[in-house]
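Each chain, written out:
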Amino acid sequence: MRSIDRLFEDSSRSLARRTSRRSVLATLGRMLTGAALLPLLPIDRSSRGEAAEAGASASKGAHQSAIDNPESCEYWKYCAIDGFLCSCCGGSSHSCPPGTAPSPITWIGTCRNPNDGRDYIVSYNDCCGKTSCGNCECNRNEREKPMYRLSRNNDVNWCMANADANYHCSVSVILGVSEQ
Amino acid sequence: MRSIDRLFEDSSRSLARRTSRRSVLATLGRMLTGAALLPLLPIDRSSRGEAAEAGASASKGAHQSAIDNPESCEYWKYCAIDGFLCSCCGGSSHSCPPGTAPSPITWIGTCRNPNDGRDYIVSYNDCCGKTSCGNCECNRNEREKPMYRLSRNNDVNWCMANADANYHCSVSVILGVSEQ
Amino acid sequence: MRTGLIGAGLLCLFGALNLRATPPLPTEHLTVEKLGPKNPHWVYVVDEAFFNEIDARVHLFDGDHYRELGQIDAGFNPGVNLSPDGGTTVIGTTYFSRGAHGTRTDVVEFVDNATLGLTGEIVLPPKRANTLPTYFNLAYSADSRFLYVSYVTPASSFGVLDPANKAVLGEIDTAGCVLVIPSGPNRVSSICESGRLLTVTLDANGHEASRALSEPFFDADTDPIFVQGVPTNEGYLFVSFLGQVHEVDLSGPQPAFRQPWSILSATEKDQEHWRPGGQTVAALHRGLGRLYVPMHRGGEGTHKAGGTEIWVIDTKTHARVARWPLAAHKLGPVVALQVSQDSAPIMFAATDKSDVAVFDALTGRLRHVEKQLGQTVWFFLNP
Amino acid sequence: MRTGLIGAGLLCLFGALNLRATPPLPTEHLTVEKLGPKNPHWVYVVDEAFFNEIDARVHLFDGDHYRELGQIDAGFNPGVNLSPDGGTTVIGTTYFSRGAHGTRTDVVEFVDNATLGLTGEIVLPPKRANTLPTYFNLAYSADSRFLYVSYVTPASSFGVLDPANKAVLGEIDTAGCVLVIPSGPNRVSSICESGRLLTVTLDANGHEASRALSEPFFDADTDPIFVQGVPTNEGYLFVSFLGQVHEVDLSGPQPAFRQPWSILSATEKDQEHWRPGGQTVAALHRGLGRLYVPMHRGGEGTHKAGGTEIWVIDTKTHARVARWPLAAHKLGPVVALQVSQDSAPIMFAATDKSDVAVFDALTGRLRHVEKQLGQTVWFFLNP
């Protein structure tokens, strides 16, 4: 478990290795479209065939720990987060690092928890007032919309209304279950 | 020639690849001690034996173009420069990039030009007023001294006395021949 | 080995004796470079520097000689644009009195593109939209009389500035519509969640004279457009998540919307799931009418994934002219691109590692890859 | 492939049905973390961020759990130190009114180490020494009454501050000698080019009461000391370019210099050319009297080259206790290091790629490598 955490954290710490993280994300959304329940695994994006193969051949254990690991971009609650994971910056998936301030304004998303099959409404807050954390960069965009639908957009700095408006990292806070 | 330029520039542009550049420098000084006239080549630093082998097996042409190439850290005039080469930032070995200001104060070094065997007195100026260039990081320290000998030190920001005191990049300007 | 050493020693020694005859190198004088006449193959590379976000910068890069020509400081989360004559770069940015914390100052800085020196600034109310770079974060009117700056607090509005006199003329509320899409001497359009454009017409003093809301031209629920529009001869072109092209003609008093068309066949869209994606999702050569789009295979949630291929589309016939796979060049996914506007155009493509590839924009031949030209290169501007 | 798909489908479906029985996860509330009681295995990691130099930062890192605990903004070319009680981090830094340009403000910022929140600042004259981090860029008096800040304009002096009342008390000229090496409640020593220490004694108001120049204790021409001294029980220890150790006893009214000794045998020094080098060239466990030095093979001009081995030396017997080659761990040259002061000490070593390795400081066993903990990690401080 520990080793896999580090794998993710390292890959996002290193500028040079950001690609691997991003390719996960590209894949992710595609595979959701293709087969909503297919396990999501880091794979090459170049063709669905290859993707599926890689998926099938990769270890389910690694995937399971990733979607349950708040320091991993694949954590289920992060389905439309964009930025640095506060979990890797001295905070957690729902707490800001010491000395930073939560953004009072935010945007709302819905993520499915594969462990109980429920859709949860989450609030994506930024933690503000210190310079970029720089750890565990994560960019996922499920149901994310462009800036003209601001309440569903992750491209703006949600620290914009803070006294100290600088962006440090991002969290995903469970507000409740989405009943359909 | 072009390709080798790019090689050096690339290696210094990439954070992840800074090591290769630094190892060149470590090697450099050592080999000067060992054999003042031995060509200086990028080699592993772990033992003199290995170093010599690597040196012998590498191409003299590449070395020659490096010591004559103002975009290379191995350029002869840069023997105690520390920072980003202005040659890779829109300037040259003795001109500042557009929109920056030369530092009026500076420190003085002496570098040997292997092409004419002469020692030249050079002035290491910083170019100031814009944020870090970030290209072609180069750290050489021949005859460099700690901060208590300020006139021979490259660890201080020589933009310190500029109106815009931010450090952008460094040049090496020929002041004359050192006659001994 | 030993012979090698001696060999080298003798060689250099001989060289030294021999060359002592040559006169010493002349004394040098430290100068500051100026830029020569601008070249269509230069490009302004906007590096948002996300990992050190207060330190964004713009690199001026020479696409023929693969050299950095200079740099412009860009602060935090900047918007970047050029004056219509190309002579000035405007940086809309945010500074803090203590680096990354402290009192916030929003400002537009003016840079002389001949010297890359600052020529002035306009301090804004602390409302500047902190978002990713597009053509519409800040933009000049066609006659350079006005400079418009997008505000989001999160209430949306825009500022009207007087660049000649370095003054703020006013602020105009946009009722939830965002960004500043300029047209003519005095019109500003903003994109609304309803899929409409709000167009505000200004009077001679830069105050609101009138406003009008267009019919919807896209559906934000079923197929939203990317906000990264690109300039056409009559206005701007927007690509949608599902590959529809929306051409907006802004040459008249009110926007006119051409019939949208797709860059994808039904199979490509529904079976193969090809999608446009990235931070800058299109570039257009206006003379040739060629549209360049980074494409990947994906679906819901992948609209920011970089392209594994560049697709080249003829905007007149709507036919695809070429597909340029990037894996062949060992290039990572392309998240931003630009094409020069001359008759021998080159295309710049930034990967998600911020390696910048330079292609022949007619043939797709790879000319050069500049490794890590920045930290997070998400936008390019032609000079 | 299809079976795999269906298999996965069923699996998850089953899981879902099965787990529907469990109650939903509770609502969460966004909070701000506080730090627990400090741990000797925490370390303050100073990242000078040379490639984005206005954005330096200090990471608080947990050397047992390999986690970042928090971060402190550090501005441009900072000096960093802790109060004697460890409760406060002081950042001596420089800010510009427009990010990387504009009006310069030099300042000392005070950070509460329990919350990592700013508690105040003292604005300095724009004279703060812009140089690499050491213990001597800014430093507290033993009783925390005074805070000293090194100035270089390039004329050298230092500022005397009152941290309790957040005030500048004065400036004292150091006649070309540099840095602030504190001792007792009211003494400051600076290193002079002549190889001497200038020691200024302050009165109760922080003004100069007297000054004295020591005898030379090193030769800047033949074997200069690194300015990166490390604290000992009686003062500070300095390593020279050629591996001499100079122990300076500052417990008395004037500095006392122990007989210098070498960490190198004649063969290691003259035949094998082993040298200390890096940005931080030594760490000392004061309880065990063990000195850790990054060593490489080199010569003139290599004093900033990182260590390919860590040498461990007993400061009482002057005997080398261990050599820890780094290549075995595939670690690049080590440019900075620190050792915790507890009885089960760990050593932190930063490579020139800013990977931070954590070792058992007694056995040299590698416990962990944290990849790129910063951009350019050149200094560590114990909590």
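Residue numbering note: each chain is counted from 1, following its sequence as written. Chains carry letters from A onward and ligands carry numbers from 1 onward, assigned in written order. In keeping with the model being predicted, local features are shown solely for residues with a pLDDT of at least 70 and side-chain atom pairs are shown and tallied solely at 80 or more, while totals for entire chains, interfaces and linings include all residues. Water and hydrogen atoms play no part in the side-chain values, which are based on all heavy atoms of the structure.

A. Fine view of the overall build of chain C. Counting its regular elements, chain C contains 2 helices and 30 strands. The principal-axis extent of the C-alpha atoms belonging to chain C is close to 85 × 55 × 40 Å. Any residue under 20% of the maximum accessible area for its type is buried, any over 50% is exposed, and the rest in between are partly exposed; the area is computed with a 1.4 Å probe on protein chains only. Residues classed as buried in chain C amount to 62% of the 383 residues present. Where accessible areas are quoted, they stem from the Shrake-Rupley method and a 1.4 Å probe; at the residue level, only the protein chains shown are allowed to cover. Carbon and sulfur atoms make up 56% of the accessible area of chain C, which amounts to about 13100 Å² in all. Think of it this way: Lys and Arg go in the positive column, Asp and Glu in the negative one, and His and the chain ends go nowhere. Working definition for charges: the position is that of NZ of Lys, CZ of Arg, CG of Asp or CD of Glu. Positive and negative side-chain charges of chain C, numbering 30 and 40 respectively, have mean locations separated by a distance of 6 Å. By definition, any uninterrupted DSSP run of H or I lasting at least four residues is a helix, any uninterrupted run of E lasting at least two residues is a strand, and each is numbered from the N terminus.

B. Region of the structure containing the interface of chain D and chain C. In this analysis, two residues are considered to be in contact whenever any of their non-hydrogen atoms come within 4.5 Å of each other. Across the contact, 21 residues belong to chain D and 21 residues belong to chain C. The term buried area denotes the loss of accessible surface (1.4 Å probe radius) that occurs when two parts are joined, taken as the sum for both partners. In this assembly, chain D packs against chain C so that about 1500 Å² is buried in total across both faces, 46% of it on carbon and sulfur atoms. The three residues of chain D that bury the most area against chain C are Asn52(D), Arg98(D) and His101(D), which together make up 36% of that side's buried surface. Note on definitions: salt bridges are taken to be side-chain nitrogens of Lys or Arg within 4 Å of carboxyl oxygens of Asp or Glu. Salt-bridge contacts for Arg98(C) lead to Glu121(D); the nearest nitrogen and oxygen are separated by 2.9 Å. Pairs of N or O atoms within 3.5 Å make up the polar contacts considered here, provided that, within protein, one atom can donate a hydrogen while the other can accept it, and that residues adjacent in sequence are counted only when both atoms are side-chain atoms. Where chain D touches chain C, the interface holds 10 residue pairs in polar contact (both at pLDDT 80 or more). Contributing elements (two or more residues each) for the side of chain D that touches chain C: strand 5 (88–98), strand 6 (101–112) and strand 7 (117–124) of chain D. Take the side of chain D that touches chain C: its biggest share by element is 4 residues, from strand 6 of chain D. Gly is placed with the polar residues, together with every amino acid not listed as nonpolar (Ala, Val, Leu, Ile, Met, Phe, Trp, Tyr, Cys and Pro) or charged (Asp, Glu, Lys and Arg). Residue composition of the side of chain D that touches chain C, grouped by class: 8 nonpolar, 6 polar and 7 charged.

C. Layout of the state of the cysteines. Two cysteine sulfurs form what is called a disulfide whenever their separation falls within 2.5 Å. Enumeration according to the criterion identifies 16 disulfides over all chains in this entry. Between the sulfur atoms of Cys96(A) and its disulfide partner Cys127(A) the distance amounts to 2.0 Å. Here Cys96(A) and Cys127(A) share a disulfide; its torsion about the S-S bond, -80 degrees, makes the bridge left-handed. Taken together, the residues span a long stretch of sequence, with Cys96(A) in strand 2 (residues 95–96) and Cys127(A) in strand 5 (residues 118–128) at a distance of 31 residues. The disulfide partner of Cys88(B) is Cys136(B), and the S-S distance across this bridge is 2.1 Å. Its S-S torsion of about -80 degrees marks the bond between Cys88(B) and Cys136(B) as left-handed, since a negative value means left-handed. Here Cys88(B), found in the loop between strand 1 (82–84) and strand 2 (95–96), pairs with Cys136(B), found in the loop between strand 5 (118–128) and strand 6 (137–139); they are 48 residues apart in sequence, far enough to count as distant. Like Cys88(B), the residue Cys136(B) is buried in the burial classification.

D. How the structure looks around the sheet that holds strand 28 (residues 356–360) of chain C. Residue and element names in this part refer to chain C. Pairing in this open sheet of 4 strands is antiparallel, and the strands run 26-27-28-29 from one edge to the other. The sheet terminates laterally at strand 26 (334–339) and strand 29 (366–370), the two strands that pair on one side only. For this sheet, the mean inter-axis angle between neighbouring strands, taken without regard to orientation, is 20 degrees. Here a strand pair is declared whenever DSSP counts at least two bridges between the two strands. Axis lines are fitted to C-alpha atoms, over the contacting stretch for helices. Their N-to-C directions set the angle, which ranges from 0 to 180 degrees.

E. How the structure looks around the side chain of Asn157(B). Tracing the chain through its elements places Asn157(B) in the loop between strand 6 and strand 7 (167–177). The buried category is assigned to Asn157(B), whose relative accessible area is 4%. A distance of 2.9 Å separates a polar side-chain atom of Asn157(B) from the backbone oxygen of Ala165(B). Not counting the four nearest positions on each side in its chain, Asn157(B) is found in contact with Asp126(B), Ala165(B), Tyr167(B), Phe76(D), Asn77(D) and Asn130(D).

F. Seen up close, the pattern of salt bridges. Scanning all chains against the criterion turns up 46 salt bridges over all chains. Here Glu142(B) ties to Arg143(B) by a salt bridge, and the two come within 4.0 Å at their closest N and O atoms. With a relative accessible area of 10%, Glu142(B) lands in the buried category. Arg143(B) gets classed as partly exposed once you look at its relative accessible area, which sits at 41%. In this structure, Arg258(D) engages Glu247(D) in a salt bridge whose closest nitrogen and oxygen atoms are separated by 3.3 Å. Linking Arg258(D) in the loop between strand 19 (256–257) and strand 20 (261–262) with Glu247(D) in strand 18 (residues 244–249), this pair joins segments that are 11 residues apart in sequence.

G. Structural context of the packing of aromatic side chains. Stacked, edge-to-face and tilted are the three classes for Phe, Tyr and Trp ring pairs, Trp counted by its six-membered ring, which pair at centre distances within 6.5 Å; planes under 30 degrees apart are stacked, over 60 edge-to-face, the rest tilted. Inspection of every chain in the model, using the stated rule, returns 47 aromatic pairs over all chains. Aromatic side chains Phe136(D) and Tyr236(D) sit 4.9 Å apart centroid to centroid with 80 degrees between the ring planes, which places their arrangement in the edge-to-face category. Of the two residues, Phe136(D) is situated in the loop between strand 7 and strand 8 (138–140) and Tyr236(D) in strand 17 (residues 235–239); the sequence distance between them amounts to 100 residues. Among the aromatic side chains, those forming a connected cluster through ring pairs are Phe84(A), Tyr167(A), Phe50(C), Phe51(C) and Trp378(C). Here, over-ring charges are defined by two tests on the NZ atom of lysine or the CZ atom of arginine: distance to the ring centre within 6 Å, and angle to the ring normal within 35 degrees. Here the guanidinium or amino end of Lys166(C) rests over the ring plane of Phe110(C), the centre of that ring lying 4.3 Å away. Above the face of the Trp311(D) ring, Arg320(D) is positioned so that its terminal group lies 4.4 Å from the ring centre.

H. Expanded view of the pairing of strand 23 (residues 290–297) of chain D. All names here are of chain D. In terms of burial, strand 23 is a largely internal element, 7 of the 8 residues being buried. Where strand 21 (residues 274–276) lies against strand 23, 3 bridges are found, and the strand directions are antiparallel. In the strand pairing of strand 23, Arg-275 is matched with His-296. As judged from the 3 bridges shared by strand 22 (residues 283–285) and strand 23, these two strands associate in the antiparallel manner. The residue bridging His-285 from the neighbouring strand is Arg-290, located in strand 23. Hairpin geometry of strand 22 and strand 23 is characterised by an intervening segment of 4 residues between the two adjacent antiparallel strands and by a positive phi of about 65 degrees at Gly-289. Note that strand 23 and strand 24 (residues 309–314) share 6 bridges and pair antiparallel. Opposite Pro-294, over in strand 24, you have Ile-310 as the bridge partner.

I. Looking closely at the interface of chain C and chain A. At the junction of the two partners, chain C supplies 56 residues and chain A supplies 47 residues. Roughly 4300 Å² is buried in total at the junction of chain C and chain A, and carbon and sulfur atoms are behind 57% of that figure. Of all residues in chain C, Phe51(C), Arg297(C) and Lys304(C) bury the most surface against chain A, accounting for 17% of the area lost on that side. The tally of links between chain C and chain A comes to 4 salt bridges.

J. Spatial organisation of the relation of the copies chain D and chain C. The copies were overlaid with a least-squares fit restricted to C-alpha atoms from residues scoring a pLDDT of at least 70 in each copy. Expressed as a screw transformation, the operator carrying chain D onto chain C has a rotation angle of 180 degrees and an axial translation of 0.0 Å, and the superposed copies differ by an RMSD of 0.0 Å. Each copy turns onto its partner about a two-fold axis.

K. Inspection of the sheet that holds strand 10 (residues 156–162) of chain D at higher detail. All names here are of chain D. The strand order across the open sheet built from 4 strands is 8-9-10-11, with neighbouring strands paired in antiparallel fashion. Among the strands making up the open sheet, the edge pair consists of strand 8 and strand 11 (167–173). Across the sheet, the mean angle from the axis of one strand to that of its neighbour is 25 degrees, orientation sign disregarded. In terms of strand pairing, strand 9 (residues 147–152) meets strand 10 through 6 bridges, oriented antiparallel. Note on strand 10: the bridge partner recorded for Tyr-151 is Ser-157.

L. Looking closely at unusual backbone geometry. Looking along the chain, the bond that leaves Thr153(C) and enters Pro154(C) is cis, with omega of 15 degrees. Turning to its location among the elements, Pro154(C) is positioned in the loop between strand 9 (147–152) and strand 10 (156–162). In this structure, Ser144(D) is a non-glycine residue whose phi angle is positive, near 65 degrees. Checked against the element boundaries, Ser144(D) lands in the loop between strand 8 and strand 9.

Geometric descriptors of this kind do not, in isolation, establish any biological role.
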